[in-house]
Amino acid sequence: MPPVWGRRARAAGVALLCGLLVACAGGPSGGRRSAMMVKPIDPAQRAEVVMTALSLLDTQYRYGSARPAQGFDCSGLVKYVFATAAHTPLPHSTDQIARLSQPIARRDLQPGDLVFFNTLGQPNSHMGIYVGGGRFINAPSTGGQVRLDALDSPYYRRHFQSVGTLFAR
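Residues numbered from 1 in each chain as written. Predicted model: local features only at pLDDT ≥ 70, side-chain atom pairs only at ≥ 80, totals over all residues. Heavy atoms only, no water.

**Student:** So what exactly am I meant to see when it comes to the pattern of salt bridges here?
**Tutor:** When the charged atoms of two side chains lie near each other, side chains of opposite charge can form a pair. One pass over the structure, following the stated rule, counts four salt bridges. For Arg 99, the salt bridge goes to Asp 95, with nearest N and O atoms at 2.8 Å. Remark: Asp 95 and Arg 99 occur in helix H4 (residues 94-100); sequence separation between them is four residues, near one turn of the helix. We classify Asp 95 as buried; its relative accessible area is 2%. A salt bridge links Asp 152 to Arg 106; the shortest N-O distance between them is 3.4 Å. Of this pair, Asp 152 sits in the loop between strand E7 (147-150) and helix H5 (154-159) while Arg 106 sits in the loop between strand E3 (102-104) and strand E4 (114-117); the two residues are 46 residues apart in sequence, bridging distant segments of the chain. (Salt bridge = Lys/Arg side-chain N within 4 Å of Asp/Glu carboxyl O. Helix = DSSP H or I, 4+ residues; strand = E, 2+ residues; numbered from the N terminus. Buried < 20%, exposed > 50% of the residue type's maximum accessible area, 1.4 Å probe, protein only.)

Here it is in structure tokens:
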């Protein structure tokens, strides 16, 4: 009996770890449609979104959190920034936020737009806010902090998925 329980416990531990690694991911992406609607944000608020995001650099990562005092996961960071800077409520799910955003070409990326990554073999499993100069702010992983990363870094270049905007065009 003990070997069976050992395998079961190990399998349960692996399942729990996988669940934690999916941190920001929502359900499978079925396109960019959602029952929730977001009114396009005035582009004049881009700077406020970026400044609010940058003010959160070095905040601790915390799975499931969208509050500075507790820390952020990637979608929690985006949710908090847009609620604070643009008075726009967003869900706490990268996949749902991706569905709410308007897809744009990477060449049209502007500060305040959203960048999405497939980091776990699952669409929209990570996201960040583009700040300009080829960099984005994100809450990358357990034990880490909110930080700036380059879109052209080997890791993020390999996992880049798409770009979206919540701003009026």
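**Student:** What is the right way to read the environment of Leu 109 from this model?
**Tutor:** By the element assignment, Leu 109 lies in the loop between E3 and E4. We classify Leu 109 as buried; its relative accessible area is 13%. For the pair formed by Leu 109 and Gly 132, sequence separation is 23 residues and the distance between their alpha carbons is 8.4 Å.

**Student:** Before we go on, may I ask you to explain the nonpolar core in this structure?
**Tutor:** Nonpolar side chains in soluble globular proteins generally cluster together in the buried interior. One finds Val 49, Val 78, Val 81, Phe 82, Leu 90, Leu 114 and Ile 129 to be the most contacted residues of the largest nonpolar core, which totals 29 residues. At the level of secondary structure, the elements contributing two or more residues to this core comprise helix H2 (46-54), helix H3 (74-86), H4, E4 and strand E5 (126-132). The greatest single-element share of this core, amounting to seven residues, is contributed by H3. Ile 104, Val 115, Phe 117 and Val 163 belong to the second-largest nonpolar core, a separate cluster that totals nine residues. (Core = buried A, V, L, I, M, F, W, Y, C linked by side-chain atoms within 4.5 Å.)

**Student:** Hey, could you run me through H3 in this one?
**Tutor:** The end-to-end C-alpha separation of H3 is 18 Å, in line with the 18 Å expected for 13 residues at 1.5 Å each. Of the residues making up H3, those classed as buried are Cys 74, Ser 75, Gly 76, Leu 77, Val 78, Val 81, Phe 82, Ala 85 and Ala 86. (Expected span 1.5 Å × (residues − 1).)

**Student:** Would you take a moment to explain the packing of aromatic side chains for this structure?
**Tutor:** The geometry of an aromatic ring pair is captured by two quantities: the separation of the ring centres and the angle between the planes. Scanning the model with the defined rule gives seven aromatic pairs in all. Plain terms: the ring middles of Phe 82 and Phe 167 are 6.1 Å apart, the flat faces sit at 55° to each other, and that makes the pair tilted. Here Phe 82 is found in helix H3, whereas its partner Phe 167 is found in the segment after strand E8 (160-165), with 85 residues between them in sequence. Exposure remark for Phe 167: the relative accessible area of 1% places this residue in the buried category. Judged by centre distance (4.9 Å) and plane angle (90°), the ring pair of Phe 136 and Tyr 156 falls under edge-to-face. Within this pair, whereas Phe 136 is found in strand E6 (residues 135-138), its partner Tyr 156 is found in helix H5, the two being separated by 20 residues in sequence. No difference in accessibility class separates Phe 136 from Tyr 156, as the two residues are buried. Across from the ring centre of Phe 160, 4.3 Å away, lies the NZ or CZ of Arg 106, which sits over that ring. (Phe/Tyr/Trp six-rings, centres within 6.5 Å; stacked < 30°, edge-to-face > 60°. Lys NZ or Arg CZ within 6 Å of the ring centre and 35° of its normal.)

**Student:** Could you clarify how one ought to interpret the sheet that holds E6 in this entry?
**Tutor:** For sheets, the rule is that strands pair by backbone hydrogen bonds, running either parallel or antiparallel. The six strands lie next to each other as E3-E8-E4-E5-E6-E7, forming an open sheet whose pairing is antiparallel. Two strands close off the open sheet at either side, each with one partner strand: E3 and E7. Mean inter-strand twist for the sheet, computed between neighbouring axes without regard to direction, equals 40°. Here E6 pairs with E7 via four bridges, running antiparallel. Across the sheet, Asn 138 pairs through a bridge with Arg 147, a residue of E7. Along the sheet, H2 contacts E5, E6, E7 and E8; its crossing angle with E5, the most-contacted strand, is approximately 115°. Against the sheet, H3 contacts E4, E5 and E6, and its axis sits at roughly 45° relative to E5. (Pairing = 2+ DSSP bridges. Axes fitted to C-alpha atoms, helices over the stretch in contact; angles between N-to-C directions. Contact = heavy atoms within 4.5 Å.)

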